[in-house]
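# A look at the structure
So you can see what is in the structure, the chains are spelled out below.
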Amino acid sequence: MRDLIHNTLVLILVISIIPACLQGNTRFLGRSSDTSRRGAVSCCGSEIPVRFAVSRSAQPVEERAEASHAGMVWIDRGSFAMGGDNEQAAADEYPKHEVKVNGFWMDVTEVTNAQFAAFVEATGYVTTAEMKPDWEELKKQLPPGTPRPDDSLLVAASLVFNAPEHPVDLNDYSAWWKWTEGASWRRPHGPGSDIKGKEGYPVVHVSWDDAMAYCKWAGKRLPTEAEWEWAARGGLQDRVYPWGNEPIDSGKPKANFWQGHFPDKNTKRDGFYFSSAVKSFPPNGYGLYDMAGNVWEWCQDLYGSNYYQELAASKIVHNPQGPAKSFDPEEPQSVKRVIRGGSFLCNDAYCSGYRVARRMKSTEDSSMEHLGFRCVADR
């Protein structure tokens, strides 16, 4: 019975919120009906399946005046063509447009469990996933008439990846996501799990709010979407991946992603089933690790489905900061932020999130097992 209730909550928080991504169909997030030019590749909406809508009680975090550049690399200023590079690109990756960014420092890896633990130890910060969801806030983001979940499910929890034993309908996200009480950055797979021995793994189950709090404490900030893509390209122009154009399944493993039939069979050719320790794969041309795969990364920008069309009206855009207002036509009532880079759950048959141009988005209070972040800093 409790499993049924769990599935009900997942369906409320997933299917009612995140529209179906129909494989081989034209109803993709941010996509037009013209799939002949861009291909019929599934979107990654199912990768980002939930939001928490907790009450945002202000947690005081002292702002550090200046960041330490230890563990960071300087990314020189430059210009590039931002946007989709192959037939997998979605509509919101077009049109490609010229962007110029200033130089900045960037973490060479995603923020690790050890680094986040130091932040929590210093500040006493409590993450989104560790707070009870607020139904009054949650229902504001749901379609009118959505029933209230059972009180036993409105608890501090998070969605954990739970692989089925057989192929499933890829539109039924509850088949591989489990709403798990007690799951958080400290217990990434739920009760009974921990991060002992995984200090060098990327911290997960952190919301945009959590990432912003960490950045403030560290004297840093989140990268803009343009900065993130410029850095991910590693000095290469018009290439699909951080390493170039070689298909992700060709040659030696180049990133942590899903190999095999999603979501029931992972061959682990890259050596990992879940996330991997940072620096497990070669860096890109700028010395940055995991700019493709492993875990999704929060960016500073609000998400706008037509933002690139706005930017393309200018000959070249200098340091774009994102749209003034969030807009996702699939969920116009929700405020969303950009996330980049893909995760260990992405593959070409279902989600090509590890492409450098791939855009995804989620609400600021979303938090899950395959979403983390890295920081940047100005001079």
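Since this is a predicted model, take the numbers as computed values, not measurements.

## Regarding the side chain of serine 174
Mapped onto the secondary structure, serine 174 falls in the loop between β5 (157-161) and β6 (177-181). For serine 174, the side chain forms a polar contact with the side chain of aspartate 172, separated by 2.6 Å.

## Considerations on the packing of aromatic side chains
If you walk through the whole model with that rule in mind, you get 25 aromatic pairs. Judged by centre distance (5.5 Å) and plane angle (65°), the ring pair of tryptophan 258 and tyrosine 273 falls under edge-to-face. Note that tryptophan 258 is positioned in the loop between α5 (225-233) and β7 (296-302) and tyrosine 273 in the loop between α5 and β7, a separation of 15 residues in sequence. For tryptophan 258, a relative accessible area of 1% translates into the label buried. Among the aromatic residues, ring-to-ring pairing joins Phe161, Trp176, Trp177, Trp258, Phe262, Tyr273, Phe274 and Phe344 into one connected group. One residue, arginine 359, lies across the ring of tyrosine 308, its end atom 4.3 Å from the ring centre.

## Looking at empty space enclosed by the protein
The full count for this structure, using the stated rule, is five cavities of 30 Å³ or more. Roughly 110 Å³ of internal volume is contained in the largest cavity. Considering the residues around the largest cavity, the lining is formed by Asn113, Pro188, His189, Ile195, Lys198, Tyr201, Pro202, Val204, Phe274, Ser275, Phe344 and Glu369. Residue classes in the lining of the largest cavity are distributed as seven nonpolar, three polar and two charged.

## Focus: the sheet that holds strand β4 (residues 104-107)
In space, the three strands of this open sheet follow the order β1-β4-β12, with antiparallel pairing throughout. Whereas interior strands pair on both sides, the edge strands pair on one side only; in this sheet they are β1 (72-75) and β12 (376-377). Where β1 lies against β4, four bridges are found, and the strand directions are antiparallel. Residue tryptophan 74 lies in a different strand from β4, and its bridge partner there is tryptophan 105.

## Observations concerning the pattern of salt bridges
Per the counting criterion, the structure on display carries 18 salt bridges. The residue arginine 374 makes a salt bridge to glutamate 297 at a minimum N-O spacing of 2.8 Å. Of the two residues, arginine 374 sits in the loop between β11 (371-372) and β12 while glutamate 297 sits in strand β7, which places them 77 residues apart along the sequence. Of the residues examined, arginine 374 reaches a relative accessible area of 0% and is grouped as buried. Note that glutamate 364 is salt-bridged to arginine 337, the shortest N-O span being 2.8 Å. Taken together, the residues glutamate 364 in the loop between β10 (360-363) and β11 and arginine 337 in strand β9 (residues 336-340) connect sequence positions 27 residues apart. For the pair formed by glutamate 364 and arginine 337, the shared burial category is buried. Salt bridges here are not isolated pairs; linked through shared partners, they connect Asp85, Lys96, Glu225, Glu229, Arg233, Asp238, Arg340 and Arg359.

About the cut-offs
Residues numbered from 1 in each chain as written. Predicted model: local features only at pLDDT ≥ 70, side-chain atom pairs only at ≥ 80, totals over all residues. Heavy atoms only, no water. Helix = DSSP H or I, 4+ residues; strand = E, 2+ residues; numbered from the N terminus. Polar contact = N/O pair within 3.5 Å; in protein donor to acceptor, adjacent residues only side chain to side chain. Phe/Tyr/Trp six-rings, centres within 6.5 Å; stacked < 30°, edge-to-face > 60°. Buried < 20%, exposed > 50% of the residue type's maximum accessible area, 1.4 Å probe, protein only. Lys NZ or Arg CZ within 6 Å of the ring centre and 35° of its normal. 1 Å grid on protein atoms, 1.4 Å probe; cavity = no way out; pocket = protein on both sides within 12 Å on 5 of 7 lines; lining within 4 Å. Points joined across faces, edges and corners; volume = space filled by probe spheres on them. Nonpolar A, V, L, I, M, F, W, Y, C, P; charged D, E, K, R; others polar. Pairing = 2+ DSSP bridges. Salt bridge = Lys/Arg side-chain N within 4 Å of Asp/Glu carboxyl O.

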